[in-house]
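# Architecture and fold: a report
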Amino acid sequence: MPKATNPDDPNGDDGVQIDLISGERMDTLASTEKIRMILDGVHDGNIVILEEGLTPDEESKLIEMTMAEISPDAGFNGIEIETYPKSETKDSSLLGRLMGSNESTAKLTVIGPANQIETLHKDETLISALVSRN
C-alpha cells in the first residue's frame, strides 16, 4: 500500500497512514494472507484497523510471526495490538453455551508499529491511541 504524503508540506514529511480493512475483504483471505497483509502494512509504518478482528488462532500466529521478524537494526521493533472486548451473542443460556451458539467475535482491532503507537485508553466502547511519526 502506498505511503501517505502531504503534497502541501514543504518539508515533504510523510504522514501516518491508516489502513481501514473491512470484514468483507478479510473474509476473502486465508489466515496466512491476512497476517502477511497486516505485517506488510505495519512494516511500512502504517496503522492497520480491522473491522472484525482476528480469530484467537490468527492473533497467536500474528504474534508468533512478528516475534520472528523483529529486527531493531532494520527499524522493526514489533507491533502494538489492541482489540475491543469480545461481545457475546444473544443466547446466554446454559443450553445455548453448551450448543456453541454463544460464540464471541472481536469488534475492532488496531495494529501498529510498537515504536509509533501508544494506547492511552481502552474500554468497552473506545480505543484511544497516540501515534507518533517516528
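Residues numbered from 1 in each chain as written. Predicted model: local features only at pLDDT ≥ 70, side-chain atom pairs only at ≥ 80, totals over all residues. Heavy atoms only, no water.

## Some thoughts on the overall build of the chain
- Regarding its fold elements, the chain presents 4 helices and 6 strands.
- Mapped from its N terminus to its C terminus, the chain presents α and β elements in the order β-α-α-β-α-β-α-β-β-β.
- In the chain, which comprises 134 residues, the share counted as buried stands at 31%.
- A separation of at least 24 residues holds for 61% of the contacts in the chain among residues at least 6 apart in sequence.
- With the model as given, the accessible surface of the chain reaches about 8,400 Å², and the carbon-plus-sulfur share is 52%. (Helix = DSSP H or I, 4+ residues; strand = E, 2+ residues; numbered from the N terminus. Buried < 20%, exposed > 50% of the residue type's maximum accessible area, 1.4 Å probe, protein only. Contact = heavy atoms within 4.5 Å. Areas by Shrake-Rupley, 256 points an atom, 1.4 Å probe, with all protein chains shown as cover.)

## Overview of the side chain of Asn 46
- With respect to the helices and strands, Asn 46 occurs in the loop between helix 2 (31-43) and strand 2 (47-50).
- Here Asn 46 falls in the buried class, since its relative accessible area comes to 0%.
- A distance of 3.2 Å separates polar atoms of two side chains, one belonging to Asn 46 and the other to Asp 19. (Polar contact = N/O pair within 3.5 Å; in protein donor to acceptor, adjacent residues only side chain to side chain.)

## What about the sheet that holds strand 3 (residues 79-83)?
- The 4 strands are arranged 1-2-4-3 in an open sheet whose pairing can be described as mixed. The sheet is open, and its two edges are formed by strand 1 (18-21) and strand 3, each paired on a single side. Ignoring strand direction, the axes of neighbouring strands in this sheet form an average angle of 15°.
- One ladder, built from 4 bridges, connects strand 1 with strand 2; its direction is parallel. Bridged to Ile 18 within strand 2 is Ile 47.
- Here helix 2 sits on the sheet and contacts strand 1, strand 2, strand 3 and strand 4 (109-113); the angle it forms with strand 4, its principal contact strand, is near 45°.
- Sitting on the sheet, helix 3 (residues 56-69) is in contact with strand 3 and strand 4, with an inclination near 165° to strand 3. (Pairing = 2+ DSSP bridges. Axes fitted to C-alpha atoms, helices over the stretch in contact; angles between N-to-C directions.)

## Re the nonpolar core
- Ile 38, Leu 50, Leu 62 and Ile 111 are the most contacted members of the largest nonpolar core, which has 15 residues in total.
- Of all elements in the fold, only helix 2, strand 2 and helix 3 reach the threshold of two or more residues within this core.
- Contacts of Leu 50, omitting those with residues within four sequence positions, involve Ile 21, Met 26, Ile 38, Lys 107, Leu 108, Thr 109 and Ile 111.
- Listed in part, the 6 residues of the second largest apolar core include Ile 47, Tyr 84, Ile 117 and Ile 127. (Core = buried A, V, L, I, M, F, W, Y, C linked by side-chain atoms within 4.5 Å.)

## Quick word on the pairing of strand 5 (residues 117-122)
- Pairing geometry for strand 5 and strand 6 (residues 127-131), over 5 bridges, is antiparallel. Along strand 6, the bridge assignment pairs Glu 118 with Leu 130.
- Turn length for the strand 5-strand 6 hairpin, with the two strands adjacent in sequence and antiparallel, is 4 residues.

## A short note on the environment of Leu 50
- Looking at where Leu 50 falls in the secondary structure, it is placed in strand 2.
- Leu 50 gets classed as buried once you look at its relative accessible area, which sits at 0%.
- In sequence terms Leu 50 and Leu 20 are 30 residues apart; their C-alpha atoms lie 6.2 Å from each other.

## Some points on a negative patch on the surface
- Taken together, Glu 24, Asp 27, Glu 51 and Glu 52 make up a surface patch of like negative charges.
- Turning to its location among the elements, Glu 52 is positioned in the loop between strand 2 and helix 3. (Patch = residues over 30% accessible without salt bridge, like charges linked within 9 Å, V, L, I, M, F, W, Y side chains within 5 Å. Salt bridge = Lys/Arg side-chain N within 4 Å of Asp/Glu carboxyl O. Lys, Arg positive; Asp, Glu negative; His and termini not counted. Charge placed at Lys NZ, Arg CZ, Asp CG, Glu CD.)

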